[in-house]
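The lines below spell out each chain.
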There are 2 protein chains.
Amino acid sequence: MAGNSQLTVAAHALTWIELHRRIGEGTATSEGVAGSVNTNPVVIRRLLGRMRDAGLVHSRRGADAGWVLARPLEDITLREVYEAIEPPPLFAMHRSDPNLGCPVGSGIQPAMRPVYARVEEAVRTELDRITLADVLRDVLASR
Amino acid sequence: MAGNSQLTVAAHALTWIELHRRIGEGTATSEGVAGSVNTNPVVIRRLLGRMRDAGLVHSRRGADAGWVLARPLEDITLREVYEAIEPPPLFAMHRSDPNLGCPVGSGIQPAMRPVYARVEEAVRTELDRITLADVLRDVLASR
DNA sequence: CTTCGAAGTAACCGTAAAAGTTACATTGTG
DNA sequence: CACAATGTAACTTTTACGGTTACTTCGAAG
């Protein structure tokens with residue numbers, strides 16, 4: 001796949017859970033979310049499982065099982081969602097080690113690593129500006 | 001692969017070409033670059049071909065064939081290299097379309113698209129701060 | 001204490017993108 | 001013409017993600 005769709009799906013799932021609750025349809029299930037995302041419920045459970053580990057949602061089992069947000073929408077930023085996903089680095093080093101006998105081969109990774117760290121931080125800073133409440137507002141505004 | 005190693009390899013190739021020229025070893029070939037990157041020369045030719053299309057390097061054929069930078073190192077930023085590569089988007093939408101009959105399914109992409117556009121711009125802005133001269137300096141400093 | 005609906009999870013399959021490889025045509029200077 | 005290296009098509013390999021199946025676990029309700 002080109003790029004990573006997980007942040008999109010995570011934002012979709014979380015806003016769906018909240019909207020579902022607001023319109024009084026009861027606890028959201030992975031099957032319900034999957035029906036809106038158009039994917040398999042297991043994919044949703046895997047993704048929400050990581051959100052739960054990060055403290056963004058709670059899951060309930062047994063009767064009336066399903067998912068609820070752990071905090072209000074306006075208190076969750078896309079940065080937190082992004083970090084909950086534990087995404088792979090945006091930029092990778094060489095697939096197989098470069099020629100370390102060459103000055104460039106041995107020096108390029110130490111030179112690029114801090115650059116990539118700053119870029120990743122810039123991404124997180126940008127994502128930190130948007131809350132799930134912003135997302136839900138824009139979702140509803142697009143109709 | 002996790003993340004995209006092309007920017008790493010591109011920066012590696014360009015700094016190698018310049019260092020090779022500076023130490024008077026003649027025109028850089030894709031085979032020479034590949035030996036430092038530890039990959040196949042065709043991979044390097046494909047990548048440098050896109051750099052050439054973007055005006056960052058010149059390629060010569062015939063006798064004394066090879067690659068040279070089109071501009072001084074300090075006039076080429078990592079942003080230009082990144083854009084020359086034409087990388088896939090950092091964040092993707094759903095692999096298959098969400099359920100458009102659902103308010104969230106129909107609204108999530110319009111809501112996320114501008115967020116991703118801002119994030120991509122933040123990445124480019126950060127990459128614009130670093131020139132290939134900075135990279136070469138740090139490469140040599142790491143020894 | 002059984003039932004039942006949904007979470008949790010392991011294991012596997014399918015697919016797509018990138019990297020690697022081979023092979024060969026093209027170029028352009030000596 | 002010889003040559004060395006680029007240009008490029010076509011194919012294979014690798015890898016990661018998403019999708020799928022199947023099964024276990026949970027826990028409130030009846």
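Cut-offs and rules
Residues numbered from 1 in each chain as written. Chains lettered and ligands numbered in written order. Predicted model: local features only at pLDDT ≥ 70, side-chain atom pairs only at ≥ 80, totals over all residues. Heavy atoms only, no water. Helix = DSSP H or I, 4+ residues; strand = E, 2+ residues; numbered from the N terminus. Rg over C-alpha atoms; globule rule 2.2 N^0.38 Å. Buried < 20%, exposed > 50% of the residue type's maximum accessible area, 1.4 Å probe, protein only. Contact = heavy atoms within 4.5 Å. Areas by Shrake-Rupley, 256 points an atom, 1.4 Å probe, with all protein chains shown as cover. Lys, Arg positive; Asp, Glu negative; His and termini not counted. Charge placed at Lys NZ, Arg CZ, Asp CG, Glu CD. Least-squares fit on C-alpha atoms with pLDDT ≥ 70 in both. Buried area = accessible area lost by both parts, 1.4 Å probe. Salt bridge = Lys/Arg side-chain N within 4 Å of Asp/Glu carboxyl O. Polar contact = N/O pair within 3.5 Å; in protein donor to acceptor, adjacent residues only side chain to side chain. Near = heavy atom within 4 Å.

The name given to chain A in an unreviewed UniProt entry is Rrf2 family transcriptional regulator, and the organism recorded there is Actinacidiphila acidipaludis.

Undergrad: How do you make sense of the overall build of chain A when you look at a structure like this?
TA: Assigned secondary structure in chain A consists of six helices and two strands. Relative to the globule expectation of 15 Å for 143 residues, the C-alpha radius of gyration of chain A, 19 Å, shows a markedly less compact shape. Seen through its C-alpha atoms, chain A measures out along the principal axes to roughly 65 × 30 × 25 Å. For chain A, buried positions account for 49% of its 143 residues. Long-range pairs, those at least 24 residues apart, make up 63% of the contacts in chain A between residues at least 6 apart in sequence. Total accessible area computed for chain A in this model is approximately 6,700 Å², and 48% of it derives from carbon and sulfur atoms. The positive charge centre, built from 17 side chains, and the negative charge centre, built from 17, are 4 Å apart in chain A.

Undergrad: Whenever I open this one, the relation of the copies chain B and chain A confuses me. Can you help?
TA: Rotating chain B by 180° and moving it 0.0 Å along the rotation axis overlays it on chain A with an RMSD of 0.0 Å. Both copies are brought into coincidence by an operation consistent with a two-fold rotation axis. In this assembly, 100% of the residues forming the interface of chain B have copies in chain A that are likewise at the interface, indicating an isologous arrangement.

Undergrad: When you look at the interface of chain B and chain A in this model, what are you seeing that I'm missing?
TA: Bring the parts together and some accessible area is lost; that lost area is often taken as the interface size. Taken together, the contacts link 55 residues of chain B with 55 residues of chain A. Across the interface of chain B and chain A, roughly 4,500 Å² is buried in total on both sides, 70% from carbon and sulfur atoms. The largest per-residue losses of area from chain B upon contact with chain A belong to Thr8(B), Phe91(B) and Val104(B), which jointly make up 13% of the total buried on that side. Inspection of the chain B/chain A interface yields zero salt bridges. In this structure, the connection of chain B to chain A is made through 15 residue pairs in polar contact (both at pLDDT 80 or more). Sorting elements by how many residues they give to the side of chain B that touches chain A places helix 5 (residues 103-127) of chain B first, with 17 residues.

Undergrad: Just checking my understanding: could you explain the protein's contact with DNA strand C for this structure?
TA: Taken together, 28 residues lie around DNA strand C, and Ser30(A), Arg52(A), Ser59(A), Thr39(B) and Arg61(B) are the ones closest in. Here the atoms of DNA strand C within 4 Å of the protein split so that 63% fall in sugar or phosphate, with bases taking the remainder. Trp67(A) has a polar side-chain atom sitting 3.0 Å from a phosphate oxygen of DNA strand C. Within the residue set of the surface near DNA strand C, elements represented by two or more residues are helix 3 (41-53), strand 1 (57-60) and strand 2 (66-69) of chain A together with helix 3 (41-53) of chain B.

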